[in-house]
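Each chain, letter by letter, is given below.
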Amino acid sequence: MKSSRTLGLVMIAPAAIMIVLFFLMPVVLTAVFSMTNMTTATGISGGVYQIAPNSLIALKSAMPDIAAEMAEPRYAVDEAGLKAVEGLGLAPGIAAELRAKHAGEVFPTRREAERMIKDLADRPSTREVKQISEQFNRSVVNTRFDSKEQLFSALDNLDLKLTQEQKETVAEATYTGWTWTTDNFSRIATSPDMARVLFNTALYVALVLTLFNVGYALLLAIWTHYMPPTPASIFRGIWLLPRITPVVIYVLLWKWLAWDTGFISILMGKFGYPPKNYLLDNAYNAWFFVVLINGFIGASMGMLVFSSAMKAIPKSQFYASEVDGASRWQQIRYIVLPQMRWPILFVTCYQTLSLLASFNEILLATNGGPGNTTEVWALSAYHTALRNYAGNLEYGLGAAMALVLVVIGVTLSLLYLRVFNYGTLVAKPLIED
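Rules of the game
Residues numbered from 1 in each chain as written. Predicted model: local features only at pLDDT ≥ 70, side-chain atom pairs only at ≥ 80, totals over all residues. Heavy atoms only, no water. UniProt positions renumbered as here; feature names shortened; annotations may be inferred. Helix = DSSP H or I, 4+ residues; strand = E, 2+ residues; numbered from the N terminus. Contact = heavy atoms within 4.5 Å. Phe/Tyr/Trp six-rings, centres within 6.5 Å; stacked < 30°, edge-to-face > 60°. Buried < 20%, exposed > 50% of the residue type's maximum accessible area, 1.4 Å probe, protein only.

- As recorded by an unreviewed UniProt entry, the protein carries the name Inositol-phosphate transport system permease protein and is attributed to Rhizobium lentis.
- According to its UniProt record, the protein has this under Subcellular location (unreviewed entry): "Cell membrane".
- The UniProt entry for the protein carries the following comment under Sequence similarities (unreviewed entry): "Belongs to the binding-protein-dependent transport system permease family."

And the structure:
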């Protein structure tokens, strides 16, 4: 018994490893990234501290006076500046007097620093005064600091009177790297754009799933079930073409159909209608084609599953019903449909998850247009994290959107199992001991 159990574990180990690597790990990593503010601007590694104009704008709301002081250059008489003055080739007494009398002093404005320089014993000229003052210019704007300690030291050297709490606020506002945060989910919950994308997704999944992936697929299976074997096989093969055709070529054919130079425009031109792009002309046309493009692909899979399930129904049931005078509709209603519960459950669950995650066809056909009216959740996550018009890719927000999609998919799957009463399928057989 132990050897059999060990052999079973060994046999299932490759499948378990595949599940961990290709399902669980991506979900875990998505959850980790969703708790960060990673973007193109922050990068995916550690950042630096830089008091840039945008961070000063952010600080003005919390510390307006301090932000104003940091925005202005300050003049500090330090050793680096004194050595630079010595290298200017001026009178040697200038640098010596500055070191002796003013080393360590900080002047809030250039005027005050130059006034001090003019009062030196060697009386430098106006041009020399400006040269000297420039050596002590210690503005922190656009200066990069590798650590928080270097930033705090630079602020202290400029004689900015900051408390430790204010310093931490400055560090948070000027850090250019990513941080841990839950703001991504707050943005998803409060953004009206996200609500519209969620509605688009629900509409897209509901229309394609009910009209084609389940509804029309079931009709195709029933039609081919009552056809002779050879024509039925040919018909099913034709309906498989949208699924086996490369998606780029498949969508390109639809574009040729709907473009302003395509078949529809040419046909309508015969009746006096001007050519136009029916695919992107308005939101209704765009949704019409999006549903058709994806529906023709999804219907083929459901057709195969339902056709296989119907072939498993004992033929004796159909023969008996014909003897009793049952019509085709009565056979479908009382024999076929009652035995399609589990195939319908499988197709519904599988195709729901597939539609939630798919966006290739919409990306190639409309790219979410016109005006983002066909933007679905998966496509929006792709645009957010990997390609958008603004150029700043928001990896953390895109991962959060993907995680929400995972939660929705799992929730819908559990709901389907409850609605279709999946427990009866896996229940133990009622066999007496």
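**Some words on the UniProt feature "transmembrane region" (unreviewed entry) in the protein**
Move 1: UniProt's entry tags residues 7-33, 202-226, 247-266, 286-306, 342-359 and 395-417 with the feature "transmembrane region" (unreviewed entry), counted in the numbering of this structure.
Move 2: Helix and strand shares over residues 342-359 are 89% and 0% respectively, and the end C-alpha atoms of the span are 27 Å apart.
Move 3: Between the first and last C-alpha atoms of residues 395-417 the distance is 33 Å; the span itself is 100% helix and 0% strand.

**Here we look at the environment of Asn294**
Move 1: For Asn294, the position within the fold is in helix α15 (residues 283-311).
Move 2: With 52 residues separating them in the primary sequence, Asn294 and Pro242 have C-alpha atoms 9.2 Å apart.
Move 3: When sequence neighbours within four positions are dropped, the list of residues in contact with Asn294 reads Tyr204, Val208, Asn213, Glu361 and Ile362.

**Some words on the packing of aromatic side chains**
Move 1: On inspection of all chains with the given rule, the structure shows 14 aromatic pairs.
Move 2: Ring plane angle 85 degrees and centroid distance 5.1 Å describe the contact between Trp178 and Trp180, whose orientation is recorded as edge-to-face.
Move 3: Consider the rings of Tyr216 and Trp239, whose centres lie 5.3 Å apart with planes at 65 degrees: the pair is edge-to-face. One end of the pair, Tyr216, is in helix α11 (residues 192-225); the other, Trp239, is in helix α12 (residues 229-244), with 23 residues separating them in the sequence.
Move 4: Under the relative-accessibility criterion, Tyr216 is labelled partly exposed at 23%.

**Some details on unusual backbone geometry**
Leaving glycine aside, a negative phi is the common case for residues, and trans is the common case for peptide bonds.
Move 1: Omega for the bond connecting Gly369 with Pro370 falls within 30 degrees of zero, at -5 degrees, which places this linkage in the cis form.
Move 2: Looking at the element boundaries, Pro370 is found in the loop between α19 (360-365) and α20 (377-385).
Move 3: For Arg123, which is not glycine, the phi dihedral falls at a positive 50 degrees.
Move 4: Considering the arrangement of structural elements, one finds Arg123 in the loop between α6 (110-118) and α7 (126-134).
Move 5: Here Arg123 falls in the exposed class, since its relative accessible area comes to 61%.

**Some words on α20**
Move 1: Most of α20 sits out of view: eight of its nine residues are buried.
Move 2: Within α20 the residues assigned to the buried category are Trp377, Ala378, Leu379, Ser380, Ala381, His383, Thr384 and Ala385.
Move 3: The elements touched by buried residues of α20 are α10 (183-190), α11, α18 (341-357), α19 and α21 (395-419).

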